[in-house]
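A structural walkthrough
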Amino acid sequence: MTISVGLVGAGPWAEMVHAPTLAAGPHTKLAGVWARRPEVAARFGAPVFDRIEELFDVCEAVVFSVPPAVQAELGVLAAKAGKALLLEKPLAADLDGARRLADAVGEAGVASQMCLTWRYSAATRAFLARVSAVEPFGGYAANVSGALLGGHFATPWRLERGAVLDVGPHMIDMLDAALGTVTGVRAHGNPTGWVGLLLEHETGAVSEASLCMSVPGPTPPSRVEVYGRLGSESLDGDALGADAFPTMVAEFAETVRRGGHPLDAAHGLRLQEIIAEAEAQLG
């Protein structure tokens, strides 16, 4: 069964990824778009609505591609309208917004899923299936780029808040998945420069993450490494391939049909709590 999906947002990421993937099917149909720039949304080949409530009327589920603060506000409206939600990371711009959105999803009883794109790649899933065999006790993740120096992703919220809020969810989530639930964080550095995170896991493992989006010139691929009593495993971001988004959309369609996904709004809230603690330490 094909799921009718409404898209909120018409920025570069929506244009490059969300709109074409949703429209391509076979699991989803792009039923319409609402955005602040309707002239851009019109290029997606789907009806463009002036009011977001009109979009809700024509779809079963809503996909968000907007800044975190906007997602927190409009996601609550979508949940109250009874729509399943595919939510970008981070869940919100701050912890209060994340809690309101997660609470709205829970109170409405609607299905939700997070766009933690690393997790939907076959390469990632193979990596996570291997790590338990090394009996891991530690790990490391790095996500370093020059994205804040210009281009599509040098947007106001990223320029203000930096790497922890933007790429932090990906790396924290990967270490969490590989080493066990993160229970503590210590942070140092500059959010718009270089940030180091020391994470403690419920399994007793510890890990580090290096985050930066202000490095000019060529940078190495993002990566995750896990070390254990019986060896090590690693995952290079260049290995993720093009399968992540189609897999994510296919799983979202199943989430809409049946409800429930491990990467739901509650998981997004837990990541936001870790990010909020790290940002508080960074000042």
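Everything below is about the structure printed above this text.
A separate point is the overall build of the protein chain. In terms of helices and strands, the protein chain carries 11 helices and 11 strands. Since a compact globule built from 283 residues should have a radius of gyration of about 19 Å, the 18 Å found for the protein chain is in line with a globular shape. Its C-alpha atoms give the protein chain principal-axis dimensions of roughly 55 × 35 × 35 Å. Counting the 283 residues in the protein chain, one finds 54% classified as buried. If you take every contact in the protein chain between residues at least 6 apart in sequence, the share linking residues at least 24 apart comes to 71%.

Once that is clear, we can look at the nonpolar core. Ranked by size, the top nonpolar core spans 97 residues in total, and within it L7, V8, F64, L85 and L197 carry the most contacts. When sequence neighbours within four positions are dropped, the list of residues in contact with L197 reads I172, V185, R186, A187, S207, E208, A209, L211 and A278.

With respect to topology, six strands assemble into an open sheet ordered β7-β8-β9-β6-β10-β11, the strand pairing being mixed. The open sheet has two edge strands with one neighbour each: β7 (182-189) and β11 (231-236). Direction aside, neighbouring strands of the sheet carry axes that sit 15 degrees apart on average. As defined by bridge partners, strand β6 (residues 136-144) adjoins strand β9 (residues 206-212) across seven bridges and the pair is classed as parallel.

Turning to the sheet that holds strand β3 (residues 61-64), a few remarks are in order. Reading across the sheet, the five strands line up as β2-β1-β3-β4-β5 and stay open at both edges, with parallel pairing between neighbours. Where the open sheet ends on each side, the last strands, each with one partner, are β2 (28-34) and β5 (112-114). Neighbour to neighbour, the strand axes of the sheet diverge by 20 degrees on average, direction disregarded. Pairing geometry for strand β1 (residues 3-8) and β3, over four bridges, is parallel. The residue bridging V5 from the neighbouring strand is A61, located in β3. Sitting on the sheet, helix α1 (residues 12-24) touches β1, β2 and β3, and the angle it makes with β2 is about 135 degrees. Here helix α4 (residues 68-80) sits on the sheet in contact with β1, β2, β3 and β4 (84-87), set at roughly 175 degrees to β3.

Moving on, we come to the state of the cysteines. Put plainly, a disulfide is one covalent bond tying together the sulfur atoms of two cysteines. The tally for this structure, following the rule as stated, stands at zero disulfides. Cysteine C59 shares no disulfide, and the gap to the nearest cysteine sulfur, in C115, comes to 15 Å.

The subject of this paragraph is the packing of helix α6 (residues 122-131) against helix α9 (residues 168-179). Helix-helix packing is characterised by the crossing angle of the two axes and by the distance between the axes. Contact geometry for α6 and α9: axes closest at 9 Å, N-to-C directions at 40 degrees. One element, α6, and the other, α9, form an angle in the oblique class. Contacts between α6 and α9 involve T124, F127, L128 and V131 on the former and, on the latter, M174, A177 and A178. Grouping the constituent residues of the contact of α6 with α9 by class yields six nonpolar, one polar and no charged.

Below, the discussion takes up the pairing of β1. In terms of burial, β1 is a largely internal element, six of the six residues being buried. Every second residue of β1 is oriented toward a common face, with I3, V5 and L7 on one face and S4, G6 and V8 on the other, all of them buried. The pairing of β1 with β2 spans six bridges and is parallel. Its bridge partner lying in β2, V8 is registered against W34. In the classification by handedness, the crossover that spans β1, the intervening α1 and the parallel β2 is right-handed.

This part takes up the pattern of salt bridges. Opposite charge on two side chains permits pairing when their charged atoms draw close. Within this structure, the stated rule accounts for 14 salt bridges. The salt bridge involving R158 is made with D166; its shortest N-O contact spans 2.9 Å. A single burial state applies to R158 and to D166, both of which are buried. The salt bridge partner of R186 is E200, with a shortest N-O separation of 3.4 Å. A residue pair is termed long-range when its members are at least 10 positions apart, and R186 in strand β7 and E200 in strand β8 (residues 194-201) qualify at 14 residues. Look at E200 and you get partly exposed, because its relative accessible area is 35%. Look at the salt bridges and you will find they share partners, linking K89, R158 and D166 into a network.

Thresholds applied
Counting of residues starts from 1 at the beginning of each chain's written sequence and follows it residue by residue. Local features in a predicted model are, by the rule used here, given only for residues with pLDDT of at least 70; side-chain atom pairs are given and counted only at 80 or more, and totals for whole chains, interfaces and linings are based on all residues. Excluding hydrogens and water, the side-chain values take into account all heavy atoms of the structure. Secondary structure follows DSSP: runs of H or I at least 4 residues long count as helices, runs of E at least 2 residues long count as strands, and numbering of each begins at the N terminus. Our radius of gyration is a C-alpha quantity, and the globule rule it is checked against amounts to 2.2 Å times the number of residues to the power 0.38. Think of it in three bands: with a 1.4 Å probe and only protein chains considered, a residue is buried below 20% of the maximum accessible area for its type, exposed above 50%, and partly exposed in between. Throughout, a contact is declared for two residues whenever any of their heavy atoms are within 4.5 Å. Residues belong to a common nonpolar core when they are buried Ala, Val, Leu, Ile, Met, Phe, Trp, Tyr or Cys residues joined through side-chain atoms within 4.5 Å. Note: two strands are recorded as paired if DSSP finds a minimum of 2 bridges between them. Helix axes use the C-alpha atoms of the stretch in contact, all axes being lines fitted to C-alpha atoms, and the angles between their N-to-C directions lie in the range 0 to 180 degrees. We call a pair of cysteine sulfur atoms a disulfide whenever their separation is within 2.5 Å. Angle categories: roughly parallel below 35 degrees, roughly antiparallel above 145, roughly perpendicular from 65 to 115, and oblique for all the rest. The residue classification treats Ala, Val, Leu, Ile, Met, Phe, Trp, Tyr, Cys and Pro as nonpolar and Asp, Glu, Lys and Arg as charged. All others, Gly included, are polar. Crossover handedness is defined here as right-handed if the route from the first strand over the helix to the second strand goes clockwise, with the strands pointing away from the viewer. For this analysis, a salt bridge means a side-chain nitrogen from Lys or Arg found within 4 Å of a carboxyl oxygen belonging to Asp or Glu.

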